[in-house]
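Okay, here's what each chain looks like letter by letter:
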Amino acid sequence: MNTDRLRRAPLALCLLLLCGASSAAMPAYEHHVKLTPDNSVIGNYPADKKPILTVKSGATVRIDTGGGNRWGDEDAMSWIAKQGIKLNAEETVAIQEIVRVVKETPRQAGIQSGHLIVGPIAVEGAMPGDTLEVRIKSVVPRIPYGTVGGRPGRGGIPDDVKEPFSFVVGFDAKRTIGQFSPDIAVPLAPFQGVMGTLPAASEGPNRRSGPPGLFGGNLDCKELVDGTTLFLPVFHPGGLFYTGDAHAAQGDGEITVNAIETANTAVLQFILHKNTGLKVPRAETPTHYISFGLDPDLDNAMTMAIRETNAFLAETKQLPFERAFALGSIGIDFRVTQVVDDTKGIHAMIPKSLFLKDKNPFWAPAPKGR
């Protein structure tokens, strides 16, 4: 019996009623990276891939990404029709691009599957020891649906999953919801699960994209929506930025191993900061600073997140160890980012409201052409 089809069937009528991708005005950008096999990689970060684009510090780039390709060996358009999904012309083009990328993108080191990633993008003047600031101007789904599922041996309770399952989630862009079932709606908050620089040479020439690391990568942090910033260490000349693993929404933990997997268009601004010595990714939102802890053991990830938070508070707020540690216990939330990517994540949400004299502007004008 096809249990996947039975689980998806109630969604067909819902999907017929849902709107397509958002038509909100896109921020201005100087460069456009399209989703093509030449611009893509699958499942790894190849050290020998030449930059698909080189920009100056301060440049803004539109990046069309892929995902949502859960049709397996079936014809994509036939699968989409069976789900009751209606595509407009622009969404049809996006699906065609995804089909071509999955089929034609060169694979490296025998890696056949994994995240669909676009890159690398180089930033002029970036060198090891610098920081690449990525301002997330906009993230919008390119297609009107996403998928979420699980399979035996994976996720937060791997032994409890007896057979593969998959659900299709249709998007209502006007209400910014995903229709999980006729009577369950999930708020949409699109973001890129993967954003990172090329990993350090010590991680090998074809580092797998699944586990996140000190370079960022598959952080799967749901806070990194439009209007936020990610700060990434630079390990190679140019920085060599990659992004992919498009999500429409995710809960902290990402417990089945999936968010709502879709295809997004991301508009990102790249700003280079010289000689910062940043060693671990950080992030910032209008209301919070974010520190990360990453480790295969969740306890160790928590330890790292605490130490990174203490270091951030010492560096930016001049708090001594005891006061920083105490503040973490009474005013900072430590959340489980994800538990399913082999390297697990904890992110500390540090409220800006704690700091009564903190007047640092968020998203100050970016220096050009550094």
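Residues numbered from 1 in each chain as written. Predicted model: local features only at pLDDT ≥ 70, side-chain atom pairs only at ≥ 80, totals over all residues. Heavy atoms only, no water.

**Student:** Describe the side chain of T337, listing the residues and the values that go with them.
**Tutor:** Along the chain, the position of T337 falls in strand β20 (residues 333–338). A residue is classified by how much of its surface remains accessible, and T337, at 2% relative accessible area, is buried. Looking at T337, its side chain comes within polar contact range of the main-chain nitrogen of I346, at 3.5 Å. If we skip the residues at most four places from it in the chain, T337 touches L219, D220, C221, Q250, D252, G253, E254, G345, I346 and H347. (Helix = DSSP H or I, 4+ residues; strand = E, 2+ residues; numbered from the N terminus. Buried < 20%, exposed > 50% of the residue type's maximum accessible area, 1.4 Å probe, protein only. Polar contact = N/O pair within 3.5 Å; in protein donor to acceptor, adjacent residues only side chain to side chain. Contact = heavy atoms within 4.5 Å.)

**Student:** Outline the sheet that holds strand β10 (residues 177–181), listing residues and values.
**Tutor:** Overall, antiparallel pairing links the four strands, which are arranged β8-β9-β10-β11 in an open sheet. Sheet topology places β8 (145–150) and β11 (184–187) at the edges, where each strand pairs with a single neighbour. Between one strand axis and the next, the sheet turns by 30° as a mean value, whatever way the strands run. Both β10 and β11 contribute to a ladder of four bridges, which runs antiparallel. Bridging across to β11, I177 finds its partner in P187. (Pairing = 2+ DSSP bridges. Axes fitted to C-alpha atoms, helices over the stretch in contact; angles between N-to-C directions.)

**Student:** Describe the nonpolar core, and please don't skip the residues or the numbers.
**Tutor:** I121, Y145, F241 and F270 are the most contacted members of the largest nonpolar core, which totals 48 residues. Those residues in contact with F270 that sit more than four places away from it in its chain are V55, K56, S57, G58, A59, V61, I121, V123, L132, E133, V134 and F241. Residues Y289, L313, L327 and F355 belong to the second largest nonpolar core, which totals 10 residues. (Core = buried A, V, L, I, M, F, W, Y, C linked by side-chain atoms within 4.5 Å.)

**Student:** How would you sum up the confidence of the model for the protein? Please name residues and give values.
**Tutor:** Residue-level pLDDT values for the protein average 93, and 92% of them are 70 or greater. Taken as a whole, residues 1–23 scores under 50 in pLDDT and shows 54 contacts with residues more than four places along the chain or in a different chain. (pLDDT = per-residue confidence, 0-100.)

**Student:** Explain the side chain of E308 to me, using residue names and the numbers behind them.
**Tutor:** Examined against the element boundaries, E308 turns out to sit in helix α5 (residues 298–317). Within the buried core, E308 has no salt-bridge partner, and the shortest N-O distance to an opposite charge, that of R282, equals 4.7 Å. For E308, the contacting residues outside a window of four places in its chain are V280, S291 and F292. (Lys, Arg positive; Asp, Glu negative; His and termini not counted. Salt bridge = Lys/Arg side-chain N within 4 Å of Asp/Glu carboxyl O.)

**Student:** Got a sec to walk through helix α6 (residues 321–331)? Specific residues and values, please.
**Tutor:** Along α6, the residues classified as buried are A324, L327 and G328. Down the axis of α6, the buried side of the element spans an arc of 105°, and every buried residue falls inside it. The exposed set on the far side of α6, more than 90 degrees from its buried face, consists of E322, R323, S329 and I330. Next to the buried residues of α6 lie α5 and β20. (Arc of directions from axis to C-beta.)

**Student:** Residue-level account of the pairing of strand β16 (residues 241–247), with values.
**Tutor:** Two faces make up the sheet, and in a regular strand the side chains alternate between them. Of all seven residues making up β16, seven are buried, and the element is well covered by its neighbours. The pairing of strand β6 (residues 116–123) with β16 spans three bridges and is antiparallel. Bridged to I117 within β16 is G244.

**Student:** Describe in detail the sheet that holds strand β5 (residues 60–64), supporting the description with residues and values.
**Tutor:** In any sheet, the strands associate via hydrogen bonds between backbone groups, in a parallel or an antiparallel arrangement. Within the open sheet, the nine strands sit side by side as β1-β5-β17-β7-β15-β18-β19-β21-β20. Their pairing is mixed. Edge positions in the sheet fall to β1 (31–33) and β20, since each of these pairs with one other strand and no more. Neighbour-to-neighbour, the strand axes of the sheet open up by a mean angle of 25°, direction not taken into account. In terms of strand pairing, strand β15 (residues 228–233) meets strand β18 (residues 282–284) through three bridges, oriented antiparallel. Counted as the bridge partner of T229 is E284 from β18. Contacts between α5 and the sheet are confined to β18, β19 (288–295), β20 and β21 (344–351), with β19 contributing the most and set at about 145° to the helix.

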